[in-house]
Every structure is written in C-alpha cells, then in structure tokens.
Amino acid sequence: MSLFSQFTSPQKLRDRGIMGMNKRNHSYIGRYNDRSRYPLVDDKLKTKLIAQQAGATVPDLIGVIDSQATVKHIHHMVKDWPGFVIKPAQGSGGKGILVIVKHKDGVYVKPSGAEINKQDVERHITNTLAGLFSLGGKNDVAMVENLIQFDNVFDGFSYEGVPDVRVIVFKGYPVMAMMRCSTSASDGKANLHQGAVGVGIDIASGKAIRAVQFNQPIERHPDTDRLLSELNVPEWNKLLVLASSAWEMTGLGYMGTDMVLDKTKGPMVLELNARPGLAIQIANGTGLLPRLRHIEAMGVTAHTPTPEERVAYCAHQFGAKSEF
C-alpha cells in the first residue's frame, strides 16, 4: 500500500492488519457491494432522497440546476440564503465543490475571503454540467445546498472549511472513524490528499486518538495551532447510529459514511461512498483488516442487531487508547 510503503515493509503492514487497495477492492467492495446499489451513493441527489426517506437529517436542498438554460437562475435561487454550497451530484473526492459564505449585489465571498462575481459562479455551474468534476466525466447536474453551520466545539480544529467525520461501516457495524479537518494547504476542503488533517477517532468515545497530515503524525493544527488531542466529537453515539443505519438505507455491505455536525440540527449525513479510501488507517495508526475479519467471523444471527446494538458492540470491541 503506497501510503504506508515509505515507512515500513510489506510484512510489517500485514502484521499490523493494514488493508491495501487490491484487498479492499476484491475482498470487500467486490464481495459485499452489489453494483446495482452504486447509483444510490454515486449520485448525491439520490443519496439525499434515500437518507430523508429513512428519517436521517441532511443539509437543506436549495435547488438543482440541470441545464445550461437555467444556469443564470442561480442568483435568484440563492437570494434568500446567506450562504450556500454548489456541488456536482456525481462528483468525487471533493472536486467541484464551491462554498459561498456570504453574497451581496452580485459579489460572492468564499471561505478564504476571496471574492468572485456572477460570471464566475455561472462558469463553475457550466463546468459542473459538462462533467468536469464528475465520475467518468459524464454530464452532471449542480446541487445547491444550504451552508452547514458547524458546531463551535470545532473552533480551531479546521481552517475555513467544515470538518467532517468519515466512518467505515461494514455489514452495518461502524468499524473505524476519523475526522477530516481542512487546512490552508487543502484550500479549505476536507481532502487528506490535498493536505487536510486526518484525526483518528476512538469508536467508543468520540475522542481523538492521533492525527496526521501528509501521512506524518502531528500534534497541532498547522494553521490554528490548536492541540488536536483536545478534539472530542459531541453527540458521538447519535452520529454513529446514523452512520450505521446507512446499511439499511443502501444495502451496501462496505462503505464510507461522511457525517457532519450542524450547530442546530446535530449529526447529518453528508455523503455515502461505495469505494472509501484507505487513509483512515493512517489517521488511526492501525489496520482495518482485523476489525473487518472480526465482523465476518460473527456470521449471520437469527436476530439482526439494530444500529444502536451494532454501535454498542463496536464501542466495546474496538475502543482504543489515545496515542497523543
């Protein structure tokens, strides 16, 4: 696995239970994810619909722009919304997401303070419709969502952008979690490959275990100097139950659930991913394989545990000690 190869040998990686991409694709994604279910998570509009139908909280949808003829409608669409996000429905890896924190008289302000004009916003939507940011470069639609108001407890843990929590859910069990905190290097996006900070989160408590940036352990946020060991996610159990229930929502056996914590609405489902990355192992300093194999070894029981029961089981089984 390339992310770890610069630090240790393949044998040591196996000993630590580190899962590589081939193993993930063959033994977990290929085996447990029915391809017919992929459209439910590859299209964020469909994800939002099934999440709402299941009673999950999601960011408010302001509107959808699906044709070049309606691109200019964006300005009227958002006139009563102080902040908003434009994202491609079939985007991946955070590509094509435009965040606007305020706007007035045709001037739109990004989280960095940079200003763009009406034409810039329209051009971004045009590129989105053309599939510039989408899986496979297919024509897409632009979703316009309300801006998430992240909880004050995260002040200093993220730079400009909203921190999110990625939870790997296997057969409905939340086996590993991390918070992705944006930095100036990542341009306010929670993308580890672009330089966001990954903070491993203890499944049992919601507290930080360790943190990394560019695969290297760090103790403080590079922009705010906040001690990352102080991170403690509130409403952790509720967040995990929501993440775990994505199994019932989608029927996908192996997935990444991306969650956010809104100041007023609490835990929300942001996105679901049928092919989650493997950097979560670096953030936690441990491999996924032992946890996945443990769940596999449990087999099928007469009683299907509820999301609450599955969360309680993982908290007991996979609770960790901090490395800070």
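Treat the numbers as computed from the prediction; the structure is a model and nothing was measured.

### Details of the pairing of strand β14 (residues 266-273)
Piece 1. Buried residues dominate β14, accounting for six of its eight residues.
Piece 2. Two elements, strand β13 (residues 254-262) and β14, share seven bridges in a ladder whose sense is antiparallel. Residue D258 lies in a different strand from β14, and its bridge partner there is E271.
Piece 3. Connecting β13 to the next strand, β14, in antiparallel fashion are three residues.

### Focus on the sheet that holds β13
What links the strands of a sheet is backbone hydrogen bonding, and the strands pair in either a parallel or an antiparallel sense.
Piece 1. Here seven strands make up an open sheet; going across it, the order is β12-β11-β10-β9-β8-β13-β14 and the pairing antiparallel. Looking at which strands have only one partner, the edges of the open sheet turn out to be β12 (216-217) and β14.
Piece 2. The pairing of strand β10 (residues 197-201) with strand β11 (residues 208-213) spans five bridges and is classified as antiparallel. When the bridges of β11 are listed, G200 appears paired with R210.

### Some words on the domain arrangement of the protein chain
Piece 1. Here the protein chain is described as being made up of domain 1 (10-42 + 152-318) and domain 2 (60-146).
Piece 2. Here the C-alpha centre of domain 2 lies 27 Å away from the C-alpha centre of domain 1.
Piece 3. On the domain 2 side, the residues contacting the seven residues of domain 1 number ten residues.
Piece 4. Regarding the contact of domain 1 and domain 2, the summed buried area is about 670 Å², with carbon and sulfur atoms giving 38% of it.
Piece 5. For domain 1, the biggest contributors to the area lost against domain 2 are D42, E160 and K189; these three give 54% of the whole.
Piece 6. Where domain 1 meets domain 2, there are one salt bridge.
Piece 7. A salt bridge links D60 to K265, with the shortest nitrogen-to-oxygen separation between them at 3.0 Å.
Piece 8. Taken together, domain 1 and domain 2 are joined by one residue pair in polar contact (both at pLDDT 80 or more).

### Some remarks on the pattern of salt bridges
Piece 1. Summed over all chains, the structure comprises 15 salt bridges.
Piece 2. Between E145 and K87 there is a salt bridge, with its nearest N and O atoms 3.3 Å apart. Of this pair, E145 sits in strand β7 (residues 142-146) while K87 sits in strand β2 (residues 84-88); the two residues are 58 residues apart in sequence, bridging distant segments of the chain. K87 carries the same exposure label as E145, and that label is buried.
Piece 3. Notably, a salt bridge pairs D225 with R220, separated by 3.8 Å at the nearest N-O pair.
Piece 4. On the basis of relative accessible area, D225 is assigned to the partly exposed category, the value being 48%.
Piece 5. Salt bridges sharing common partners tie together D164, R166, R180 and D258.

Parameters and conventions
Residues numbered from 1 in each chain as written. Predicted model: local features only at pLDDT ≥ 70, side-chain atom pairs only at ≥ 80, totals over all residues. Heavy atoms only, no water. Buried < 20%, exposed > 50% of the residue type's maximum accessible area, 1.4 Å probe, protein only. Helix = DSSP H or I, 4+ residues; strand = E, 2+ residues; numbered from the N terminus. Pairing = 2+ DSSP bridges. Domains from an automatic or database assignment. Contact = heavy atoms within 4.5 Å. Buried area = accessible area lost by both parts, 1.4 Å probe. Salt bridge = Lys/Arg side-chain N within 4 Å of Asp/Glu carboxyl O. Polar contact = N/O pair within 3.5 Å; in protein donor to acceptor, adjacent residues only side chain to side chain.

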